[in-house]
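Examination of the molecular architecture
If you want the building blocks of each chain, they are given just below.
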Amino acid sequence: MANVSHPRNDITTHPDVSEMRDRYARVMGGRDVALVDGPVFLLGLYCAVSPWILHYTASQPALMTHNLVMGIAIAVLALGFTAMPERMYGLSWAICAMGVWMIISPWVVGTSPDTGVVINNIVIGALAVVLGAVCAFAATKNTSRTSRA
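Residues numbered from 1 in each chain as written. Predicted model: local features only at pLDDT ≥ 70, side-chain atom pairs only at ≥ 80, totals over all residues. Heavy atoms only, no water.

1. Describing helix α3 (residues 61-83)
Spanning 23 residues, α3 covers 33 Å between terminal C-alpha atoms, matching the ideal 33 Å at 1.5 Å per step. Along α3, the residues that are buried comprise Leu 63, Met 64, His 66, Asn 67, Met 70, Gly 71, Ile 74, Ala 75, Leu 77, Ala 78, Gly 80 and Phe 81. (Helix = DSSP H or I, 4+ residues; strand = E, 2+ residues; numbered from the N terminus. Expected span 1.5 Å × (residues − 1). Buried < 20%, exposed > 50% of the residue type's maximum accessible area, 1.4 Å probe, protein only.)

Now the structure itself:
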């Protein structure tokens with residue numbers, strides 16, 4: 001029978017503590033931004049369907065196609081972040097670049113866009129920049145942490 005009357009020792013005295021820490025780091029490596037993958041995916045889906053939600057498919061056909069393609073690209077990157085995080089988080093800065101492009105695209109791709117279209121793309125772009133920066137910062141932090149170990 002186990003003796004439960006004395007307090008347990010600290011795990012730092014365990015003989016395999018360094019091996020356990022290394023294994024935990026390998027298993028959890030790159031997953032600090034797992035909570036960002038979902039919002040990036042949802043942002044990509046919204047970007048893809050936003051022309052139909054805001055009803056500018058007839059007035060801005062070029063921008064409609066643009067948002068569809070950009071939304072699918074953002075969603076595919078988010079799925080890649082989830083499926084292969086150690087390989088894909090290097091592309092986090094691409095989400096930031098796509099966000100900046102989404103902000104300026106109504107004037108470059110569209111033809112005299114109205115206020116709703118412009119605000120929609122600015123919000124999508126700003127969220128993409130912020131979420132991409134969070135992914136990139138976490139990937140940089142994980143890279144420096146694993147290189148020190």
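2. Some remarks on the nonpolar core
Generally speaking, nonpolar side chains in soluble globular proteins are found buried as a group. The biggest cluster of nonpolar side chains holds 19 residues, and the ones touching the most others in it are Val 40, Leu 77, Phe 81 and Ile 95. Counting residues per element, the ones that place at least two in this core are α2 (34-53), α3, α5 (92-108) and α6 (115-148). Those residues in contact with Leu 77 that sit more than four places away from it in its chain are Met 88, Leu 91, Ala 94, Ile 95 and Met 98. (Core = buried A, V, L, I, M, F, W, Y, C linked by side-chain atoms within 4.5 Å. Contact = heavy atoms within 4.5 Å.)

3. Describing the packing of α3 against α5
As a packed pair, α3 and α5 sit with axes 11 Å apart at the nearest point and diverge in direction by 165°. In terms of orientation, α3 lies roughly antiparallel with respect to α5. By crossing handedness, the relation of α3 to α5 is classed as left-handed. Where α3 abuts α5, its residues Leu 63, His 66, Asn 67, Met 70, Ala 73, Ile 74, Leu 77 and Phe 81 lie against Ser 92, Ala 94, Ile 95, Met 98, Trp 101, Met 102, Ser 105 and Pro 106. A breakdown of the residues in the contact of α3 with α5 according to their chemical character gives 12 nonpolar, four polar and no charged. (Axes fitted to C-alpha atoms, helices over the stretch in contact; angles between N-to-C directions. Parallel < 35°, antiparallel > 145°, perpendicular 65-115°, else oblique. Left-handed = near helix turned anticlockwise from the far one by under 90°. Nonpolar A, V, L, I, M, F, W, Y, C, P; charged D, E, K, R; others polar.)

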